[in-house]
Amino acid sequence: MEYIIAGLIIILVILLELVYQLVNKNNEPGKKEYHYSKKKLITDNELFFYNCFEHLDLKYIIVPQVNLAAIINKEEYHKYQNELNRNLDFGIFDQDFNILLAIEINDDSHIINKRRYRDYKVKDLLKKCNIELLIFNINYPNTEESVIARTNKILKNK
């Protein structure tokens, strides 16, 4: 009987230690704390382009920050769809929300190797799905007229 009581006490101590560790998990020394703050949906550069796209024909719907999983279907079953967990800067859709054109605005962050790989993956996925991609580079002169003209040139063929 004494062995049973001693065993139960040991199990209880182990359970209490596990609960304590779970409760104090975020208070471990050296544990990194993350801080969050709200931000705008689009950058100031993207806002310039959005304002340009607003001057396109009213039959188009302009959507910022389009997730690839919202416009691309992964045909074969896989548990994860990580490659679709990326956002386009803009999507231009018809009135039935069919994607007509994907748009990326490239700033200096697109020079970084990690970002270049991400851009390559996005471009490849869009190509496989026959979704045209229009890329604007902010280091080139982009006037409202030139942005609208480049965009309309592609859209008129859709």
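Residues numbered from 1 in each chain as written. Predicted model: local features only at pLDDT ≥ 70, side-chain atom pairs only at ≥ 80, totals over all residues. Heavy atoms only, no water.

1. Digging into the nonpolar core
Core analysis: the largest hydrophobic core is formed by 18 residues, its most contacted members being F53, L56, I92, I103 and F136. Taken together, the elements giving at least two residues each to this core come down to α2 (44-53), β2 (87-93), β3 (99-106), β4 (133-137) and α5 (144-155). With residues up to four places along the chain from it excluded, the contact list for F53 reads I62, F90, I103, F136, V147 and T151. Formed by 13 residues, the second largest nonpolar core is a distinct cluster that contains I61, V66, I71 and L88. (Core = buried A, V, L, I, M, F, W, Y, C linked by side-chain atoms within 4.5 Å. Buried < 20%, exposed > 50% of the residue type's maximum accessible area, 1.4 Å probe, protein only. Helix = DSSP H or I, 4+ residues; strand = E, 2+ residues; numbered from the N terminus. Contact = heavy atoms within 4.5 Å.)

2. Structural notes on a nonpolar patch on the surface
A cluster of nonpolar side chains, I10, I11, I14, L15 and L18, forms an exposed patch at the surface whose accessible area comes to about 480 Å². Take L18: it is sitting in helix α1 (residues 2-23). Relative accessible area serves as the criterion here: at 45%, L18 is assigned to the partly exposed category. (Patch = residues over 30% accessible without salt bridge, like charges linked within 9 Å, V, L, I, M, F, W, Y side chains within 5 Å. Areas by Shrake-Rupley, 256 points an atom, 1.4 Å probe, with all protein chains shown as cover. Salt bridge = Lys/Arg side-chain N within 4 Å of Asp/Glu carboxyl O.)

3. Notes on α2
Within α2, the full set of buried residues consists of E46, F49, C52 and F53. Buried residues of α2, seen end-on, are gathered within an arc of 115 degrees and therefore sit on one face of the element. Residues of α2 that are buried sit in contact with β1 (61-67), β2, β3, β4 and α5. (Arc of directions from axis to C-beta.)

4. Thoughts on the packing of α2 against α5
In the contact formed by α2 and α5, the axes pass within 9 Å of each other and the chain directions differ by 65 degrees. Crossing angle aside, the handedness with which α2 passes α5 is right-handed. Every residue of α5 that contacts α2 at F48, F49, C52 and F53 is listed here: E144, V147, I148 and T151. Taken together, the residues of the contact of α2 with α5 sort by class into 6 nonpolar, 1 polar and 1 charged. (Axes fitted to C-alpha atoms, helices over the stretch in contact; angles between N-to-C directions. Left-handed = near helix turned anticlockwise from the far one by under 90°. Nonpolar A, V, L, I, M, F, W, Y, C, P; charged D, E, K, R; others polar.)

5. Some remarks on the pattern of salt bridges
Counted by the stated rule, this structure contains 4 salt bridges. Here E104 makes a salt bridge to R118, at a shortest N to O gap of 3.3 Å. Of the two residues, E104 is situated in strand β3 and R118 in helix α4 (residues 113-128); the sequence distance between them amounts to 14 residues. The pair formed by E104 and R118 is uniform in burial state, with each residue classed as buried. In this structure, D119 engages R118 in a salt bridge whose closest nitrogen and oxygen atoms are separated by 2.9 Å. Residue R118 is classed as buried on the basis of its relative accessible area of 14%. Each of E104, R118 and D119 takes part in one network of salt bridges that share partners.

6. Regarding the side chain of D119
Looking at where D119 falls in the secondary structure, it is placed in helix α4. Within the local environment of D119, its side chain forms a polar contact with the side chain of R118, the two groups lying 2.9 Å apart. (Polar contact = N/O pair within 3.5 Å; in protein donor to acceptor, adjacent residues only side chain to side chain.)

7. Some thoughts on the packing of aromatic side chains
According to the stated counting rule, one finds 7 aromatic pairs in the structure shown. Aromatic pair F49 and F53: ring centres 6.4 Å apart, planes at 40 degrees, arrangement tilted. Taken together, the residues span about one helical turn, with F49 and F53 both in helix α2 at a distance of 4 residues. Here F49 falls in the buried class, since its relative accessible area comes to 2%. Where F49 meets F136, the ring centres are 5.1 Å apart and the plane angle is 40 degrees; that geometry is what we call tilted. With F49 in helix α2 and F136 in strand β4, this pair connects stretches of sequence that are 87 residues apart. As far as the burial class goes, F49 and F136 line up, both buried. Every member of this aromatic cluster is reached through a ring pair, and the members are F48, F49, Y50, F53, F90 and F136. (Phe/Tyr/Trp six-rings, centres within 6.5 Å; stacked < 30°, edge-to-face > 60°.)

Coordinates in, geometry out; function isn't part of it.
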